Structures are given as structure tokens and as C-alpha cells.
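# Geometric and topological summary
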Amino acid sequence: MAQPARGPAPAEGPCSVSPSAPGCHPVDEKLPASRLLPAALQHIAAMYAGVVTPPLIIGQAVGLDAGGMTRLIAASLLIAGCATILQTLGLGRFAGNRLPFVNAASSAGIAPMLAIAETSTKGHQLAAIYGAVMVAGVFCLAIGPFFGRLLRFFPPLVTGVVITLIGVTLMPVPVGWAQGGDKNAADFGSMKYLALAAFTLVVILLFQRFGRGFVKQVALLLGLFIGTLAAVPFGMADFTALREAPIAALPTPFAFGTPEFHPAAILSLCLVMLVLMTESSAGMLALGEICDRPSDGRTITRGLRTDGLATLLGPVFGGFPTSAFAQNVGVVSLTRVRSRYVVAVAGGALLVLGAFPVLGAVVSLVPMPVLGGAGIVLFGSIAVSGIRTLAEAGLDDSSNIILVAVALGAGIIPLAAPTFYAGFPAWAQTVLGSGISAGALVAVLLNLFFHHLGTRPRRTAPAFDTP
């Protein structure tokens, strides 16, 4: 199969013609509004719950009132919108991978940020968190270019493992949503929630089976809409957020206090940033395969710079560590709508949702079980993309089989036994406690062991320059 041109060079010019036309890649296609807006709305629906989860959890942990929670959520939406627009459209040769890639506050940083809050003086928890987050952003900017030069250690055999693990390790999220979302609720896992999730899943499957053309592409969005309508007569759609949300609420700089810099907090979040960079790089590699535009070293470097900039500047307004959103990789894989301008529009919508919380509350009307039914399709499709990559990676070789088996096993350990690493040092728990980073680490090390150590070096090793 012919290899595409190096780097994002073909992606520099948008095109409004059919993606099958000469010189136009589907990633650069400008869709008509009738297709662009519903496709962007699907991305918003898929990411919204994940974007607001970190501020909800952290805000509750530090004791913010309703007004403070509103400002924190608005900040998270605004930073996600800015980062996503920068990522998809790019900033010259400095930042932005120019792929349909969503960036937002990552849930991977929640646990260490809660630990920082618990060990900080009351009233200074967010200040300590934001100081550590800002340093983690500088750390990402400093070492990001080195990630782009390591791609020869990420052949399809390794990336296939990582992509598969992204889908597998995310599966508990929609399962929890399907059961109601709140594990502490008395009716968590009740049949009414499971029935609504199953109904949503069936609707999506029916549209996939019998839909044609554009209807088939927006099957996920139609499932979310019909599932929400079905929830209303049974009182399972909560309109409280819509009634109480203010019309406009722009975040102000340092509204939660001046950042404070504590060495222990900084160390923990720099370790988290390494995990997020690994996951973000894996997401770019996965999306490159899905979009038929493989991510090279410069693409990875520019993508990680976007993560670093958003993580560094986000705390000024109330943001948290920023990374890739794997669920939106699943949207691209499922719908096959690969235009980066679709995701750029979704980023613009996040900006509007952050500036006008009453609009964001409309999106939040989608019940958790409805999101759960759709999420099973969404995250499962990511795992399928990984399996497809592995199928092309040469699994007829016994060493490759062992590599995949051990790496997948290492990645599933945190999912199967969440307390497995409880006795390990904190830094090891941070790295190994994420199935994605643990599996990626093992896959890279085993690839070195089987295919690099003691082997004759290749004459033409790929060179990835940093812009």
C-alpha cells in the first residue's frame, strides 16, 4: 500500500470538494453545514460528560458552592474549546496536529489532584493544584519534542495493543453510565436504567442496520436524541440544571486564588503528565491510522505542544491537565467522518457552552443511561480499530504473539484488580495504575527486547525533525 506523504504537509490546505477528488484528503474536507453541524454535535455529546467530570469531582472535594462549581465547569469547557480549535486548525509549525482530535481536561489527573487537595490547607487546595498543573504544562512543553522522535519504537504491533487497550480500559465508563452514573445512589444499577441504556443501544443498531448515507453517519446522535425523549415520560431526564444555570458566566483570571507551588504536588502531576502524554500520543497514532494519515514525529510533537500550552494556561481561568479524548477517536472511527473542521466547530461550540452555561445545560439533559448505551458502541469501536491494526502487524510470529499477550495482560490488570498496585510506591501506582500507560510501557519494552536489542540496525531509519 502506498505511504502518504510525511507529516501534515498535505493537511495545510482545506478543500470543500468531495474527499475522493484529487488532492483532497478527507481530513481536510470542508463539509456543508447540513452535514457538518450534526457531526460536530455528535462529538459534543460524546465528550460533554467527560469534560465536566473533573471540575465536578474536584469542585465538590474542595467545597465549592453552586456559583463556584458553575465557574469551574465553564472554565473547563472554555479551555477544552480553545485547545481543540488549536489542535485541529494548528498554529503555524509550532502547535496543532491538524487531525480531528479533541483535547480537554483528563480524568486521569483526578486522583492525584484529590490527594493534593487532601494534604493542602483549607482554602488553598485549588491554588496548590493549579500551581502543580502549570508546572506540569511547562514539563510537557519541555519534553514533548522527544516523544516525536521515538516513533520507531511504536510500530503497528505496539500501537495496535495501545489502541485496543484504550477501548477496553474505557469500557467501565459507559457501563457505569448505563447503571445510572452515581455509584452511591440507592437505585444504581436498577432495571429502569439498564432498560433505557439497552433501548438507546438498540436504536443506534437499527439506524446502523437500516440507515443509509448521512442517517447512518449520525446514528449515534439520533440514538442519544431518541433515548433522551424516551426518558422524559418516565421522569428520568433531569431539568434542574437547565432551570438553575445562569445565562452567561465568563471565567475571570485566578478566580480561585493565586497558584501556589509545592514540590510534592508538582512531582505527582508531572508523573501524571507523562501518563497523559503517552495516552495523547497513542490517540494521535490511533487517529492517524483511522484517518489514513499516519502521525509522524512532527505531528506528535505539535500535538503535545497543544497539550502543554492548554495545561500551562488553563489554570489561569480554572482548567486542569489537558489531554486527548479517546471517546472522540471512537466517534471518528464509527462515523468515518474524518474532517478536522467538524471537530474545530465542536471546539467552537464548547467555547459557547462555557460562556453561556444555560446552553451547556441543554446538552447535560442527556441522561446517564442514554450516554451509557451509546458509549458501549463508541468505546467498543476503538478496541475494534486496535484489533484491526494488530491483524495487519504479523501475528503469525510467535514472539509477536507473546508481546501482544503480555502487554494486553499488563494493561488489563488495573481493570481486573484495581488494588493490585496498592503496595507499590506512589509514582509506580500513577504509571501502572493506568491500563493504557502500563500496556504501552510493556509493549514498547518487549518490542525493544524482541526486535531491537541485538539486531542489526536498519540502514534507513526514519528521521523525524522537530519544527
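Residues numbered from 1 in each chain as written. Predicted model: local features only at pLDDT ≥ 70, side-chain atom pairs only at ≥ 80, totals over all residues. Heavy atoms only, no water.

Of regular secondary structure, the protein chain possesses 19 helices and two strands. Surface accessibility of the protein chain: about 20100 Å² in total, with carbon and sulfur atoms responsible for 68%. (Helix = DSSP H or I, 4+ residues; strand = E, 2+ residues; numbered from the N terminus. Areas by Shrake-Rupley, 256 points an atom, 1.4 Å probe, with all protein chains shown as cover.)

What follows is about empty space enclosed by the protein. Summed over the entire model, instances satisfying the criterion amount to two cavities of 30 Å³ or more. Looking at the largest cavity, its volume works out to about 60 Å³. In this structure, the largest cavity is lined by Ala45, Ala46, Trp177, Leu220, Leu224, Leu371, Ala374, Gly375 and Leu378. Sorting the residues of the lining of the largest cavity by element identifies helix H1 (33-61), helix H9 (219-231) and helix H16 (368-391) as the ones contributing at least two each. Considering each element in turn, the lining of the largest cavity owes the most residues, four residues, to H16. (1 Å grid on protein atoms, 1.4 Å probe; cavity = no way out; pocket = protein on both sides within 12 Å on 5 of 7 lines; lining within 4 Å. Points joined across faces, edges and corners; volume = space filled by probe spheres on them.)

A word on the confidence of the model for the protein chain. Per-residue confidence for the protein chain gives a mean pLDDT of 81, with 87% of residues at or over 70. When mean pLDDT is taken per element in the protein chain, helix H7 (residues 191-210) scores highest with 93 and helix H15 (residues 357-363) scores lowest with 68. (pLDDT = per-residue confidence, 0-100.)

Our next topic: H9. The first and last C-alpha atoms of H9 sit 18 Å apart over 13 residues, in line with the 18 Å expected at 1.5 Å per residue. Regarding H9, the residues found buried are Ala219, Leu220, Leu221, Gly223, Leu224, Gly227, Thr228 and Ala231. (Expected span 1.5 Å × (residues − 1). Buried < 20%, exposed > 50% of the residue type's maximum accessible area, 1.4 Å probe, protein only.)

What follows is about the packing of H7 against H9. As a packed pair, H7 and H9 sit with axes 8 Å apart at the nearest point and diverge in direction by 145 degrees. Note on packing geometry: the crossing formed by H7 with H9 is right-handed. Seen from H7, the contacting residues are Leu196, Phe199, Thr200, Val203, Ile204, Phe207 and Gln208; seen from H9, they are Ala219, Leu220, Leu222, Gly223, Ile226, Gly227, Ala230 and Ala231. In terms of residue class, the contact of H7 with H9 is built from eleven nonpolar, four polar and no charged. (Axes fitted to C-alpha atoms, helices over the stretch in contact; angles between N-to-C directions. Left-handed = near helix turned anticlockwise from the far one by under 90°. Contact = heavy atoms within 4.5 Å. Nonpolar A, V, L, I, M, F, W, Y, C, P; charged D, E, K, R; others polar.)

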